[in-house]
Amino acid sequence: MTRALYPGTFDPIHNGHIDIAERASAIFAEVVFAVYDAPPKKLLFNTEERLALARSALAHLTNVTVTTYTGLTVEYARQNAADVIVRGLRNIADFQSEHQIGGANHHLASEVELCCFFCHGEYAYLSSTILKEVASLGGDTTLWAPDAVQLALRDKFNLSETNLSSRSVPRRRSKLAHRG
Ligand code: ADP
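All values derive from a computational prediction rather than experimental measurement.

**Re the overall build of the protein chain**
Here is step 1: Within the protein chain one finds 6 helices and 5 strands.
Here is step 2: Each helix (α) and strand (β) of the protein chain, taken in turn from the N terminus, gives the series β-α-β-α-β-α-β-α-β-α-α.
Here is step 3: Within the protein chain, buried positions represent 45% of all 180 residues.
Here is step 4: Of all intrachain contacts in the protein chain linking residues separated by at least 6 positions in sequence, the fraction that spans at least 24 positions is 74%.

Written as structure tokens, this is what we have:
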């Protein structure tokens, strides 16, 4: 019985992450979806919020449990008796990063395998960063994240729940908006 750990920041979870979780849950007996507690980057959602959004987005997957962790991912894999770490690959940059982290993890815990899933084409450009940026500017994110995540984003950015696209929002410095 193979148990997999799918770790990440998930700030917030989006459809690309959900797709990988669904595909992993179809292959592995159990999947631990692990939200990293304190990554060295600025977050929009705190740990409890990221956990709650992930739990609601993955509730349909009965063999997936959502948890949080801190410290080394391989140590958390060992604590959970996970045989495999699951990651998603969108592009060469992801490949290079996973190759490097995977090498270090193999050095630290050679019994834990790395299993990378190529993401499906429609999610190849999607990241939590892009999702947050488009949401902050009032763009349409309906194909990128579940309703609960979109509502949480609107709440964070003080946007109304309807007519997002036509609403005028405060100017932010963004690669997706004109710079003045
Ligand atoms: P990180 O774990 O690097 O902080 P994320 O939490 O965004 O970043 O991503 C968690 C995992 O999900 C990583 O393996 C990442 O490559 C993968 N992932 C991110 N975006 C997508 C996507 N659009 N499609 C499939 N997998 C993705």
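Picking up where we left off.
**A closer look at the site of the ligand**
Here is step 1: Within the structure, the ligand sits among 16 residues, and T9, F10, G88, Y123 and L126 are positioned closest to it.
Here is step 2: Residue G88 places a main-chain N or O atom 2.5 Å away from an oxygen atom belonging to the ligand.
Here is step 3: A distance of 2.8 Å separates a nitrogen atom of the ligand from a polar backbone atom of Y123.
Here is step 4: Look at the ligand: alone it shows 540 Å² of surface, and the protein chains cover 87% of it.
Here is step 5: When residues of the shell around the ligand are traced back to their parent elements, those giving at least two are β1 (3-8), α1 (15-27) and β4 (84-89).
Here is step 6: The dominant element in the shell around the ligand, judged by the number of residues it contributes, is α1, at 3 residues.

**So, the sheet that holds strand β5 (residues 113-118)**
Here is step 1: The 5 strands lie next to each other as β3-β2-β1-β4-β5, forming an open sheet whose pairing is parallel. The two strands at the open ends of the sheet, each matched to only one other strand, are β3 (64-69) and β5. Between one strand axis and the next, the sheet turns through 30° on average, direction left out of account.
Here is step 2: Here β1 pairs with β4 via 2 bridges, running parallel. Note that in β4 the partner of A4 across the bridge is V84.
Here is step 3: In the packing of α1 onto the sheet, the strands contacted are β1, β2 (30-36), β3, β4 and β5, and the crossing angle to β5 comes to about 125°.

**As for the pairing of β5**
Here is step 1: Sheet analysis places β4 next to β5, joined by 6 bridges and oriented parallel. Residue pairing across strands places V86 opposite C115, the latter belonging to β5.
Here is step 2: Between the parallel elements β4 and β5, the chain passes through helix α4 (residues 92-108) in a crossover that is right-handed.

**Quick notes on the packing of aromatic side chains**
Here is step 1: One pass over the full model with this rule turns up 6 aromatic pairs.
Here is step 2: With a centroid separation of 5.2 Å and 85° between ring planes, the pair formed by Y6 and F33 is classed as edge-to-face. Taken together, the residues span a long stretch of sequence, with Y6 in strand β1 and F33 in strand β2 at a distance of 27 residues.
Here is step 3: Taken together, a centroid distance of 5.9 Å and an interplanar angle of 65° make the contact between Y125 and W144 edge-to-face. Taken together, the residues Y125 in the loop between β5 and α5 (128-136) and W144 in the loop between α5 and α6 (147-156) connect sequence positions 19 residues apart.
Here is step 4: An aromatic cluster is built from Y6, F10 and F33, whose rings are joined through pairwise contacts.

**Details of the pattern of salt bridges**
Here is step 1: Taken as a whole and judged by the stated rule, the model has 8 salt bridges.
Here is step 2: Where E111 meets R78, a salt bridge forms, and the shortest distance between an N and an O atom there is 2.7 Å. Within this pair, whereas E111 is found in the loop between α4 and β5, its partner R78 is found in helix α3 (residues 73-79), the two being separated by 33 residues in sequence.
Here is step 3: Given a relative accessible area of 47%, E111 falls into the partly exposed group.
Here is step 4: Relative accessible area serves as the criterion here: at 37%, R78 is assigned to the partly exposed category.
Here is step 5: Residues R90 and D94 are paired through a salt bridge, measuring 2.8 Å at the closest nitrogen-oxygen approach.
Here is step 6: Take R90: its relative accessible area is 35%, and that puts it in the partly exposed class.
Here is step 7: Residues participating in the shared-partner salt-bridge network are E75, R78 and E111.

Definitions and cut-offs
- Residues numbered from 1 in each chain as written.
- Predicted model: local features only at pLDDT ≥ 70, side-chain atom pairs only at ≥ 80, totals over all residues.
- Heavy atoms only, no water.
- Helix = DSSP H or I, 4+ residues; strand = E, 2+ residues; numbered from the N terminus.
- Buried < 20%, exposed > 50% of the residue type's maximum accessible area, 1.4 Å probe, protein only.
- Contact = heavy atoms within 4.5 Å.
- Near = heavy atom within 4 Å.
- Polar contact = N/O pair within 3.5 Å; in protein donor to acceptor, adjacent residues only side chain to side chain.
- Areas by Shrake-Rupley, 256 points an atom, 1.4 Å probe, with all protein chains shown as cover.
- Pairing = 2+ DSSP bridges.
- Axes fitted to C-alpha atoms, helices over the stretch in contact; angles between N-to-C directions.
- Right-handed = clockwise from strand over helix to strand, strands pointing away.
- Phe/Tyr/Trp six-rings, centres within 6.5 Å; stacked < 30°, edge-to-face > 60°.
- Salt bridge = Lys/Arg side-chain N within 4 Å of Asp/Glu carboxyl O.

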